[in-house]
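# Secondary and tertiary structure notes
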Amino acid sequence: YFHFLDDILIVWNGTQDEALMALDYFNNCTTFLQFTYEFNMEEIHFLDITIRKDHEHRMYVSKIFRKACFSNSYLHYCSNHPPLQKRNIIKGQMVRVARMISRYTEFIE
């Protein structure tokens, strides 16, 4: 179970029917929260990463996920911001990618 503000990721060990019963229970416990779900046995998108099973090494691996509306716009280079701030956006994004991916080969891509 992982969460970020109003996004929750649960790795369920039971059957899909049991998970649906649990979600039905959660949705009936309150009137002001509505839980939605996505099932996938191999990979899932959570926030801006894709988490998938690596059957060969028996582990989960992650990589960057780009939503369809992703624009890759952070700060226009000709804006009136200090040069250090512009460089730090690049550095910050590289650090973020390095922390979010689990394999070096995906970092190179």
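Please refer to the structure placed before this passage.
Right, let's walk through the structure included here.

What counts as what
- Residues numbered from 1 in each chain as written.
- Predicted model: local features only at pLDDT ≥ 70, side-chain atom pairs only at ≥ 80, totals over all residues.
- Heavy atoms only, no water.
- Pairing = 2+ DSSP bridges.
- Helix = DSSP H or I, 4+ residues; strand = E, 2+ residues; numbered from the N terminus.
- Axes fitted to C-alpha atoms, helices over the stretch in contact; angles between N-to-C directions.
- Buried < 20%, exposed > 50% of the residue type's maximum accessible area, 1.4 Å probe, protein only.

### Comments concerning the sheet that holds strand 5 (residues 59-64)
- Spatially, 3-4-5 is the arrangement adopted by the 3 strands of the open sheet, whose pairing is antiparallel. Among the strands making up the open sheet, the edge pair consists of strand 3 (43-46) and strand 5. Across the sheet, the axes of successive neighbouring strands diverge by a mean angle of 25°, strand direction being ignored.
- Taken together, the 4 bridges between strand 3 and strand 4 (residues 49-54) define a ladder with antiparallel strand orientation. When the sheet's bridge partners are listed, Ile44 is paired in strand 4 with Ile51.

### Examining unusual backbone geometry
- Unusually for a residue other than glycine, Leu47 sits at a positive phi of about 55°.
- Examined against the element boundaries, Leu47 turns out to sit in the loop between strand 3 and strand 4.
- Look at Leu47 and you get partly exposed, because its relative accessible area is 29%.
- Phi at Arg58 is positive, roughly 55°, even though this residue is not glycine.
- Residue Arg58 is classed as exposed on the basis of its relative accessible area, which comes to 78%.

All quantities given are derived from atomic positions and should not be read as evidence of function.
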